[in-house]
Amino acid sequence: MKVALIGYGKMGKAIEKTVLDRGHQVVSIIDVDNRDDFQSETFRQADVAIEFSAPAAAFDNYMACFAANVPVVAGTTGWLERMGEVKAICEKEGKTFFYASNYSIGVNLFFAVNRYLARLMNDFPAYDAHLSETHHIHKLDAPSGTAITLAEDLIAQIDRKTQWTLRETGDPADLVIRAIREDEVPGTHEIVYDSEVDYIRIEHHAKSRAGFALGATLAAEFTAGKKGFLGMNDLLHPENGISSAVEQLNK
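About the thresholds
- For every chain, the first residue of the written sequence is number 1, and numbering continues from 1 along that sequence.
- Confidence filtering applies because this is a predicted model: local features only for residues at pLDDT of at least 70, side-chain atom pairs given and counted only at 80 or more, and all residues used for totals across whole chains, interfaces and linings.
- Remark: hydrogens and water are excluded; side-chain values derive from all non-hydrogen atoms of the structure.
- Going along the chain from the N terminus, every DSSP run of H or I of four or more residues is numbered as a helix, and every run of E of two or more is numbered as a strand.
- Within these notes, the globule rule equals 2.2 Å times the number of residues to the 0.38 power, and the radius of gyration is based on C-alpha atoms.
- Relative accessibility under 20% of the residue-type maximum defines a buried residue, over 50% an exposed one, and the middle range a partly exposed one, all with a 1.4 Å probe and only protein chains included.
- Residues are treated as being in contact if the distance between any of their heavy atoms lies within 4.5 Å.
- We get accessible surface area from the Shrake-Rupley algorithm with a probe of 1.4 Å; when it comes to residues, only the shown protein chains can shield them.
- Here is the rule: rings of Phe, Tyr and Trp (six-membered ring for Trp) pair when centre to centre is within 6.5 Å. Planes less than 30 degrees apart are stacked, more than 60 are edge-to-face, and the remainder are tilted.
- Nonpolar core, defined: a set of buried Ala, Val, Leu, Ile, Met, Phe, Trp, Tyr and Cys residues in which side-chain atoms within 4.5 Å join the residues together.
- A side-chain nitrogen of Lys or Arg and a carboxyl oxygen of Asp or Glu constitute a salt bridge if their distance falls within 4 Å.
- Each polar contact in these results corresponds to two N or O atoms within 3.5 Å; when the atoms are within protein, one needs to be able to donate a hydrogen and the other to accept it, and residues that are neighboring in sequence are counted only if both atoms are side-chain atoms.
- Axis lines are fitted to C-alpha atoms, over the contacting stretch for helices. Their N-to-C directions set the angle, which ranges from 0 to 180 degrees.
- Here the angle decides the label: under 35 degrees means roughly parallel, over 145 means roughly antiparallel, 65 to 115 means roughly perpendicular, and every other value means oblique.
- For any pair of crossing helices, the crossing counts as left-handed if the nearer helix is rotated counterclockwise from the farther one by less than a right angle, and right-handed if it is rotated clockwise.
- Three residue categories are used. Nonpolar comprises Ala, Val, Leu, Ile, Met, Phe, Trp, Tyr, Cys and Pro, charged comprises Asp, Glu, Lys and Arg, and polar comprises the others, including Gly.

Asker: Explanation requested: the overall build of the protein in the structure shown.
Answerer: Within the protein one finds nine helices and 11 strands. Taken over C-alpha atoms, the radius of gyration comes to 19 Å for the protein, in line with the 18 Å a tight globule of 251 residues would show. Within the protein, the fraction of its 251 residues that count as buried is 49%. Put simply, of all contacts in the protein between residues at least 6 apart along the chain, 66% involve residues at least 24 apart. Of the roughly 12,400 Å² that the protein leaves accessible, carbon and sulfur atoms contribute 50%.

Asker: Help me understand the packing of aromatic side chains, please; the structure alone is not making it clear to me.
Answerer: The description of two aromatic rings rests on the distance between their centres and on the angle between their planes. Counted according to the given criterion, the structure contains 10 aromatic pairs. Residues W79 and F97 carry aromatic rings whose centres are separated by 6.1 Å and whose planes lie at 80° to one another, so their mutual orientation is edge-to-face. In this pair, W79 is assigned in the loop between β4 (72–74) and α4 (83–93) and F97 in strand β5 (residues 96–99), connecting sequence segments 18 residues apart. Of the two residues examined, W79 and F97, each falls in the buried class. A ring pair is formed by W79 and Y99, whose centres lie 6.0 Å apart and whose planes are at 90°; its orientation type is edge-to-face.

Asker: What's the story with the nonpolar core in this structure? I'm lost.
Answerer: Side chains of nonpolar character tend, in soluble globular proteins, to be buried together. Core analysis: the biggest nonpolar cluster contains 26 residues, and I15, I50, V73, F98, Y103, M232 and L235 have the highest contact counts within it. If you list the elements that add at least two residues to this core, you get β1 (2–6), α1 (10–21), β3 (48–51), α7 (210–223) and α8 (232–236). With residues up to four places along the chain from it excluded, the contact list for F98 reads V72, V73, A74, Y103, A219, F222, T223, L230, G231, M232 and L235. I6, A49, C65 and C90 belong to the second largest nonpolar core, which has 24 residues in total.

Asker: What am I meant to see in the pattern of salt bridges here?
Answerer: Any two side chains of opposite charge can pair, given that their charged atoms come close. Counted under the stated rule, the structure contains 11 salt bridges. For R82, the salt bridge identified is with E85, shortest N-O distance 2.9 Å. Its salt-bridge partner being E133, residue R181 comes within 2.8 Å of it at the nearest N-O pair. One end of the pair, R181, is in strand β8 (residues 174–181); the other, E133, is in strand β6 (residues 128–135), and 48 residues separate them in sequence. Connected via shared salt-bridge partners are E190, R201 and E203.

Asker: When you look at unusual backbone geometry in this model, what are you seeing that I'm missing?
Answerer: Glycine aside, residues mostly have negative phi, and peptide bonds are mostly found in the trans state. Omega for the peptide link from A142 to P143 comes to 0°, which places this bond in the cis form. Within the element layout of this structure, P143 appears in the loop between β6 and α6 (145–157). Phi is positive for N69, close to 60°, though the residue is something other than glycine. Its location among the elements puts N69 in the loop between α3 (55–67) and β4. Overall, N69 belongs to the partly exposed group, its relative accessible area being 47%. You will see that D183, though not glycine, has its phi angle at about 50°, which is positive. Positionally, D183 belongs in the loop between β8 and β9 (188–194). With a relative accessible area of 55%, D183 lands in the exposed category.

Asker: Please clarify how the side chain of T146 should be interpreted in this entry.
Answerer: Looking at the secondary structure, you find T146 in helix α6. Reaching out from T146, the side chain makes a polar contact with the backbone oxygen of S101 at a distance of 3.3 Å.

Asker: Please explain the packing of helix α5 (residues 105–121) against α6 as it appears in this structure.
Answerer: To describe two helices that pack against each other, one gives the angle between their axes and the distance between the axes. In the contact formed by α5 and α6, the axes pass within 8 Å of each other and the chain directions differ by 25°. In terms of axis orientation, α5 runs roughly parallel to α6. For the pair α5 and α6, the crossing hand works out as right-handed. Between α5 and α6, the residues in contact are V107, F110, F111, N114, R115, A118 and R119 and T146, T149, L150, D153, L154 and Q157, respectively. By residue class, the composition of the contact of α5 with α6 is six nonpolar, four polar and three charged.

Spelled out as structure tokens, the structure:
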């Protein structure tokens, strides 16, 4: 598989290593100083582009990929107000776009645990829900895309919560997200259900960027040759190889 990388920071370099380790080629690397390469023949030869850049650049990067007819695996968050435009282009023009708020297989299992626990907790109003996320100081958006997914999934299951917020409002219907930027933390997400007598806590800690890089590479392998708007539910569906994806974590 021929891969183009868009964004060559720490995440881009981690993905490059994983792509090469899995026997693929990196045929193009585009960063802030060589955006003209979107028009290059080398970029157009890529089977898929993996994009981890910055929120302000993400949408334009996707349009450049679509113009070159290169499928996209998108890892940037903080631009989601334009997601409807991307979905419409995929539908009307037959473009290919894979999006996940988090590419870690472990985080996507954590999403499932969060939804299940939230369904249980809907019947126990004595427990108030709180959410926190901690990332490295270089992360530009807050809250993280992962935190938003966790919050929206929780709100969908718990009737007493109606929206998420980044600040304390005193309204029990609000789900407060604490967004912390600290050192070089790859990513930590925590959900707490607190009552007067006890609390329940679930959390996911990323040890490094390797899990995200592997997930993005698996998504690229899945996306190459497909059409339409895709996501982790497509990749992790049993018939699409969730067992294979999980096995990669033990290699």
